[in-house]
Every structure is written in C-alpha cells, then in structure tokens.
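Okay, here's what each chain looks like letter by letter:
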Amino acid sequence: MSAPHLSTREWLLSDHPASRRQARLGQAYRTWSQLRRNKLAMVGLGIVVVLILMAIFATVIAPYDPLKGGDLRTERLLPPSWDHLMGTDDQARDIFSRIVHGSRVTLMVVALVAVIATPIGLAVGTTAGYFGGWVDTVLMRITDIFLAFPRLILALAFVAALGPGIENAIIAIAITSWPPYARLARAETLTIRDADYIAAIRLQGARSPRIILGHVVPLCLSSVIVRVTLDMAGIILTAAGLGFLGLGAQPPQPEWGAMIAAGRRFMIDFWWVATMPGIAIFTVSLGFNLLGDGLRDVLDPKGEK
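Conventions used here
Residues numbered from 1 in each chain as written. Predicted model: local features only at pLDDT ≥ 70, side-chain atom pairs only at ≥ 80, totals over all residues. Heavy atoms only, no water. 1 Å grid on protein atoms, 1.4 Å probe; cavity = no way out; pocket = protein on both sides within 12 Å on 5 of 7 lines; lining within 4 Å. Points joined across faces, edges and corners; volume = space filled by probe spheres on them. Helix = DSSP H or I, 4+ residues; strand = E, 2+ residues; numbered from the N terminus. Nonpolar A, V, L, I, M, F, W, Y, C, P; charged D, E, K, R; others polar. Contact = heavy atoms within 4.5 Å. Core = buried A, V, L, I, M, F, W, Y, C linked by side-chain atoms within 4.5 Å. Buried < 20%, exposed > 50% of the residue type's maximum accessible area, 1.4 Å probe, protein only. Axes fitted to C-alpha atoms, helices over the stretch in contact; angles between N-to-C directions. Left-handed = near helix turned anticlockwise from the far one by under 90°. Phe/Tyr/Trp six-rings, centres within 6.5 Å; stacked < 30°, edge-to-face > 60°.

S.K.: Explanation requested: the layout of surface pockets in the structure shown.
M.R.: Empty space among the atoms becomes apparent when a probe as large as a water molecule is rolled across them. In this structure, the largest pocket spans a volume of roughly 320 Å³. Arg 93, Pro 251, Ala 258, Met 259 and Ala 262 are, among the 21 residues lining the largest pocket, the residues nearest its centre. Counting only elements with at least two residues in the lining of the largest pocket, the list comes to helix H5 (95–131), helix H10 (208–244) and helix H11 (256–263). Of all the elements, H11 adds the most residues to the lining of the largest pocket, at 4 residues. Looking at the lining of the largest pocket residue by residue, the class counts come to 10 nonpolar, 5 polar and 6 charged.

S.K.: When you look at the environment of Ala 169 in this model, what are you seeing that I'm missing?
M.R.: In this structure, Ala 169 sits in helix H8 (residues 166–192). In the structure, Ala 169 is positioned 11 residues away from Phe 158 in sequence and 8.2 Å away in space, judged by C-alpha atoms. Leave out the neighbours within four places in its chain, and Ala 169 touches Val 159, Leu 242, Leu 247 and Gly 248.

S.K.: Any chance you could explain the nonpolar core here in plain terms?
M.R.: Looking at soluble globular proteins, one finds that nonpolar side chains tend to be buried together. In terms of nonpolar packing, the biggest core is built from 69 residues, with Val 109, Trp 256 and Phe 288 touching the most fellow members. Elements with a contribution of two residues or more to this core: helix H3 (39–56), H5, helix H7 (151–162), H8, helix H9 (196–203), H10, H11 and helix H12 (272–299). In this structure, Trp 256 is in contact with Leu 51, Arg 98, Ile 99, Gly 102, Ser 103, Thr 106, Pro 277, Ala 280, Ile 281 and Val 284, ignoring residues within four places of it in sequence.

S.K.: Any chance you could explain the packing of H7 against H8 here in plain terms?
M.R.: Two measures define how a pair of helices packs: the angle their axes make with one another and the distance between the axes. The contact between H7 and H8 brings their axes to 8 Å, and the two run at 140 degrees. Note that H7 runs across H8; the crossing there is right-handed. Together, Arg 151, Leu 154, Ala 155, Phe 158, Val 159 and Leu 162 of H7 and Asn 168, Ala 169, Ile 171, Ala 172, Ile 175, Thr 176, Ser 177 and Pro 180 of H8 make up the contact between the two elements. A per-class count over the contact of H7 with H8 returns 10 nonpolar, 3 polar and 1 charged.

S.K.: Help me understand empty space enclosed by the protein, please; the structure alone is not making it clear to me.
M.R.: The full count for this structure, using the stated rule, is 1 cavity of 30 Å³ or more. The wall of the largest cavity is formed by Val 105, Thr 106, Val 109, Ile 166, Ile 236, Ala 239, Ala 240, Glu 255, Trp 256 and Ile 281. Of all the secondary structure elements, the ones that give two or more residues to the lining of the largest cavity are H5 and H10. For the lining of the largest cavity, the class distribution of residues is 8 nonpolar, 1 polar and 1 charged.

S.K.: Explanation requested: the packing of aromatic side chains in the structure shown.
M.R.: Counted by the stated rule, this structure contains 5 aromatic pairs. Ring geometry for Phe 266 versus Phe 270: centroids 6.3 Å apart, planes at 70 degrees, classification edge-to-face. Among the residues examined, Phe 266 registers a relative accessible area of 13% and is labelled buried. According to the relative accessible area criterion, Phe 270 is partly exposed, its value standing at 27%. In textbook terms, an aromatic cluster arises when at least three aromatic residues are bridged by ring pairs, as seen for Phe 266, Phe 270, Trp 271 and Trp 272.

Everything listed here is a matter of coordinates, which is why it stays silent on function.
This is the structure we're talking about:
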C-alpha cells in the first residue's frame, strides 16, 4: 500500500527523514522558520540583500558615471535634489552613484575577508584543540600575539608594509581577522574531542586529518559562522578606516571611507559630502549586526534563553 501524499512542508518537517538530503533540507527549513520570526534579523537580512542587489546592478541603478564629474562651474558641491539624490562632491560627481558603485568594493572586502580568514581560523583552532600539548601551546601563543594588538592598528602596520591599495587592504584585514575564529573553534573542539563517537571513529582507523575535517570542523562551523557574521560590521569599519587614511582603495575609486576623507574638508558648509557615505557605512554595519544576532539565536544552542 503506497504512502499517503505529503505536502512539501510536512515532508521537510518529517521526524523520520528517508534520506540525508531530506534531513538537511528539513534542518535548513527549521532554521529559516526560526530566523523569520525574528523581525530585527529580517530587517538585517533585508539590508544585506539590498547591498548585494545594489552591488550586482550598480550600473543599472546609478544614474551617473561614478568616476566622471560634471561641470565644475555649475555642478560642484550641489545639495541633494531630484537630479542628484545625495548631492555632488567637490569634483561634481554624483554622490549617490558613487555610493552605489562603492557597495561593490564593500561587498568584495567582506566576502574575500570571510573566505580567507574563516578557513585559517578554523584550521588553527581545530588543530590546536584536537591535538593539545605543544601544538596547542604554539598555535595559541601565535594567536595571542595577533590578539594583543587592536585590529585597525595591526591592519595599518600590514598595509604600510605591503603598500596602499584595496588588494593589500583585504589581505591585511584577513590576516588580523582570523584569531577570534581560532579561539572559538578551539573552545568548541575541546568539548567534543573526547566524545564517544570521536573515540569510535579513531578505533575504526580514521586518521587525525580526516577526523578534524569530517567530524570536528562541521560541529564548529555554526558557531564560527555566527561570529563571522557579527564581525562583518567590524570588517567594514576597518576597511573604511584604511580608506579614510588613504591606505585602502585609491582615488578615484568610489570607496565609502575614502569618500568621507574627501568630504571632511566641507563638513560645515557642505555636510552631505561626508554624511551620505557615513550613513551608508552605518546602515550596512547595522544590517550585519542585526543578522548576526538573529543567526546566533538560531544556530547557537548555548545562546538559547
């Protein structure tokens, strides 16, 4: 006799999944349902989605060329209007268009730093926590050296050594971002390395690299993802700080921190030149923080109240 027809929702929420695929999709659906009930997290997700869409369709959204200015005699430092929604800067360039195209730089920095720093932190933390002993001591002391300096100061030192530019800024931020992830991954690994199922895997002949990659890292991943999401705001602010100091993206590239630096000379009389990119940085940072808080409530079981 055939099984009764199940709706998609019933199939996803089944207590007895028939395959790994069904179990994974069901867990993803439960996570999304919990996240959706958090209104602030959805606001943060909306801001992040807008940032991504703005970066993808920047050439369609921006009404003007972000690098080419207008007539310096008539279009320089114009206030916000219907023709220029956020006004123009000292080079008669449309600020709204530059902010829209600057979202590509911001998104690129966030994505590349996450892709570079997260695996480094996971590798260092899980290796130190799993092996312990002198391996743990050496790796954690190296981590402590990086944690001893403020992130922006350390990033400034690396960029000064590597040279100004957005590529070097990304490398410098990534180098200074992995230690918290390593600490978190190590703490998670210490709680599971002596578990019975890990011992059973060892008895089956599995080597340490396979155990770490196949069983330890997946269990640490959710906590690290939450921390990475919460750190996105700090990454954006660090990138903006480097751009403000002239060590990040170089002119005329539309980077939000560099735009604030260029507009600080006109703060009193032409407030919009520096204020508009500042609002963009604040909004995106707030979005990542709200999303990170929501993900922490959903993915971190220890954080449940």
